[in-house]
2 protein chains.
Amino acid sequence: MGSYKELWEKLNLDLDAHESLLEVLGKFYGDIYLTQQGRLRGIEYLDFVISEIHGLRIKELQEAKNNGRKVIGTFCIFVPEELVLAAQAIQVGLCAGAETGRELAEQVLPRNTCALIKSFVGFKLSRLCPFIESCDLIVGETTCDGKKKAYEIFEQYVPLFVMEVPQMKRDADRELWKSEIYRFKSVLEDLTGSWITAESLAKGIKTVNRRRRVLQRLNELRKAVPAPISGRDALLVHQISFYDDPERFTNKISILCDELEKRISAKEGVVPEGTPRILLSGCPMAIPNWKLPYVIESSGAVVVVEESCVGTRNISHLVEENGKSVDDMIDNIVDRYMKIDCACFTPNRERLNNVVSLAKAYKVDGVIHYSLTFCQLYETEAFKIGRALEKEGIPFLSISTDYSMEDVEQLKNRVEAFVEMIRG
Amino acid sequence: MGSYKELWEKLNLDLDAHESLLEVLGKFYGDIYLTQQGRLRGIEYLDFVISEIHGLRIKELQEAKNNGRKVIGTFCIFVPEELVLAAQAIQVGLCAGAETGRELAEQVLPRNTCALIKSFVGFKLSRLCPFIESCDLIVGETTCDGKKKAYEIFEQYVPLFVMEVPQMKRDADRELWKSEIYRFKSVLEDLTGSWITAESLAKGIKTVNRRRRVLQRLNELRKAVPAPISGRDALLVHQISFYDDPERFTNKISILCDELEKRISAKEGVVPEGTPRILLSGCPMAIPNWKLPYVIESSGAVVVVEESCVGTRNISHLVEENGKSVDDMIDNIVDRYMKIDCACFTPNRERLNNVVSLAKAYKVDGVIHYSLTFCQLYETEAFKIGRALEKEGIPFLSISTDYSMEDVEQLKNRVEAFVEMIRG
């Protein structure tokens, strides 16, 4: 990727450290992804996107910026991309899945902060993320204490706008969230100089829905036995959905799904029938946080669905497409986002029901719950998930971890024992 | 306190463990409080209240319950006691300041949960708190992730109502909070069978304001040099304000303040002039969490003000008393509570300004920030507080700790070094 050096220099990246990062990432990807057997042809798209993760896509973003478009970075599925697209801007989910810059982050954040938050602050402070550096605006939200307060530190380094996500789902909460959507709309219009019109918003809604539908289709196909795609590859599809161009992404994954259908018709799988099927539930896994899926799939099991923001939580609901005016459409957007079963809500019984339903629909043999250490929301809900699954007789394992590789052996032991147990 | 055995038995306390708890608490209080020199006569009230902490006050609550009054427990200064009193109920702040029941709490909560939360769950699960057992309703709130999610567990063991505290301070937040106050009003009226009237609410507002005023008066007197009262005793006054009868409390502290005024007129202090004066800022200190004030005051300094929920944050603002109708009064209540500078809000610049102002007004020589370990809100704000004080040239020490005694020696070393440094 030497040809991007000028681009990275312009973005003021720490070039030497960045080169090392890409090397490590490449090796990590090779070990975890390229060693897999029986991958689909359509997966080439994923490999290509990852190999160009800080290259081609950044170049595209810079070209778009040169043509007057704005780039909006996010860390959360509550930020309504429909509006961003309607304002002719581009939304990218910022990764925050590596331990990069942890020492720098810990100089401004408590040590008891989750790895994801330390990661985005660390990436910024160490000048290693060309996505962050490409953003005209980063949109935060109040989904957890850690992020809410970290943004107050982060805003000293990046242009930041924080949306308030309510904590319950009553009428007053819906009103609050609606007022936040309108506030975001104004901010976007001011930033881009583009008015959000009924036409542009309808288009934005359709584009995002199409991407959700293709991911729903992918997940639907994963219900097949034997599993037609590895959990790692499927997770990667979900991860890439956050930052590749939505139209291109939808087309590529559509082709991948065609291929999957053929494989399923031929009763072929990526693993033998009888391989224990796992639902992975909990915190989002940002690129390159592939540690736990790798551990699970190296232990003789296969992940068939991710109940997470990088998974079902991001795609479960569509925005109704029947709105005529901007206000109607915003009402539909408000309704859709208020259905998200994030652990930031109290109570959040939907999530318990959803996990049980997913476990049944995907015919899983066990559920592994993953919390980022210090994520009080998901760490606490893990207890309730465990109880709900126990009632259904579904095996359950709860894991808290971060991005370091120090606990890989210990995780392997725990996961192998779990897989052994459910294999019976 | 043998005469209360029947009472505790009726409340289904674990009698043996409870006896041990009271013994430990008595000894702890003796060591930390009764060894102090130059205490005021009016302090006898505090000693008495503490010696009867699980006795006389519980008996009073039970008698009130027998007369048809309801008891409402809380953990947060956002729960508007004005409404509780107006509904003829009694509000008690539940302590949660001891390590009691930690092992049991950790069976249902993540280990990475702060000591305060583990404490209230632990007290319940180990059947050691007669206040919790006396409550007809416990009111939670969404001020932090830890409590928000812990309440979902706690509600399996106690009658619970959770209020949503918003996370910003815009119009939509005020509306949300207002709707929560009305929801709380309905719940109280249903529970007590008493309508909240303009008359009863006006009385409730006056009662709580009077208690705030006497605590404001106490704090005002603590600006005197030399410090007329120890930080430990003053903290205890604030702590007791949460659970003693408000009228009695106000009268007793008023007498204490008269005595303080005389001492100040005589230029007498509880410590010599020149003793380093400390502002203690951060998380609330619930009974019997006296560890850090004790460490500070054993290190040759004196705490002259607590910037905390058990301190200035609880008393800084009065509810306007000009409301005529219930709706007017509720508007005034909403306004008052929305002024609280809790770290749950983002941004929360008021707190930075308030800490700096307090440091100047109380002529402090240094600020010690106290966070409960795993309290992401206050642990993160500590960084900003430190920077704000640095700009003003005010020495600052940040401490994260819990309720265990294991780190006392380490804390002593850090605090002694800090006191040595500011003494210059």
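Residues numbered from 1 in each chain as written. Chains lettered and ligands numbered in written order. Predicted model: local features only at pLDDT ≥ 70, side-chain atom pairs only at ≥ 80, totals over all residues. Heavy atoms only, no water.

Draft legend 1. Here's a closer look at the layout of surface pockets. Residues and elements named next belong to chain A. Of the pockets and cavities examined, the largest pocket occupies roughly 550 Å³. L21, A98, E99, T100 and P288 are the residues nearest the centre of the largest pocket, which is lined by 31 residues in total. Listed by contribution, the elements that provide at least two residues to the lining of the largest pocket are α2 (15–34), α6 (102–105) and α7 (115–125). Among the elements that take part in the lining of the largest pocket, α2 stands out by supplying six residues, more than any other. (1 Å grid on protein atoms, 1.4 Å probe; cavity = no way out; pocket = protein on both sides within 12 Å on 5 of 7 lines; lining within 4 Å. Points joined across faces, edges and corners; volume = space filled by probe spheres on them. Helix = DSSP H or I, 4+ residues; strand = E, 2+ residues; numbered from the N terminus.)

Draft legend 2. Representation of the nonpolar core within the structure. All names here are of chain A. Among the nonpolar cores identified, the biggest contains 136 residues, and F78, L201, I240, W290 and I368 are the most heavily contacted of them. Ranked by the residues each element gives to this core, the list is headed by α2, at eight residues. Beyond its immediate sequence surroundings of up to four residues, I240 is in contact with Y45, L46, V49, I50, F249 and I287. (Core = buried A, V, L, I, M, F, W, Y, C linked by side-chain atoms within 4.5 Å. Buried < 20%, exposed > 50% of the residue type's maximum accessible area, 1.4 Å probe, protein only. Contact = heavy atoms within 4.5 Å.)

Draft legend 3. Broad picture of the relation of the copies chain B and chain A. Note on the copies: chain B fits chain A at an RMSD of 0.0 Å, the axial shift is 0.0 Å, and the rotation between them is 180°. Both copies are brought into coincidence by an operation consistent with a two-fold rotation axis. Taking C-alpha positions as the reference, the residue of chain B nearest the rotation axis is D145 of chain B, at 3.1 Å. When the interface residues of chain B are mapped onto chain A, 100% of them again lie at the interface, so the same face is used by both copies. (Least-squares fit on C-alpha atoms with pLDDT ≥ 70 in both.)

Draft legend 4. Fine view of the interface of chain B and chain A. Of the residues lining the interface, 50 residues belong to chain B; the matching set on chain A comes to 51 residues. Interface area lost by chain B to chain A is led by K149, Q167 and Q376 of chain B, which between them contribute 17%. Linking chain B with chain A are eight salt bridges, by the criterion used here. K384 of chain A is the salt-bridge partner of E152 of chain B, the closest N and O atoms lying 3.1 Å from each other. One can count 35 residue pairs in polar contact (both at pLDDT 80 or more) joining chain B with chain A. (Buried area = accessible area lost by both parts, 1.4 Å probe. Salt bridge = Lys/Arg side-chain N within 4 Å of Asp/Glu carboxyl O. Polar contact = N/O pair within 3.5 Å; in protein donor to acceptor, adjacent residues only side chain to side chain.)

Draft legend 5. Inspection of the pattern of salt bridges at higher detail. Per the stated rule, a full pass over the model turns up 84 salt bridges over all chains. Its salt-bridge partner being E297 of chain A, residue R232 of chain A comes within 2.8 Å of it at the nearest N-O pair. Here R232 of chain A is found in helix α12 (residues 231–240), whereas its partner E297 of chain A is found in helix α14 (residues 291–297), with 65 residues between them in sequence. With relative accessibility at 9%, the residue R232 of chain A sits in the buried group. Given the relative accessible area of 12%, E297 of chain A is considered buried. In this structure, E152 of chain B engages K149 of chain B in a salt bridge whose closest nitrogen and oxygen atoms are separated by 3.0 Å. On the criterion of helical spacing, the pair formed by E152 of chain B and K149 of chain B is a turn pair, its members being three residues apart in helix α9 (residues 145–154). Within this structure, K149 and E152 of chain A together with E307, R313, D341, R351, E381 and K384 of chain B form a network of salt bridges that share partners.

In short, shape yes, function no, at least from these values alone.
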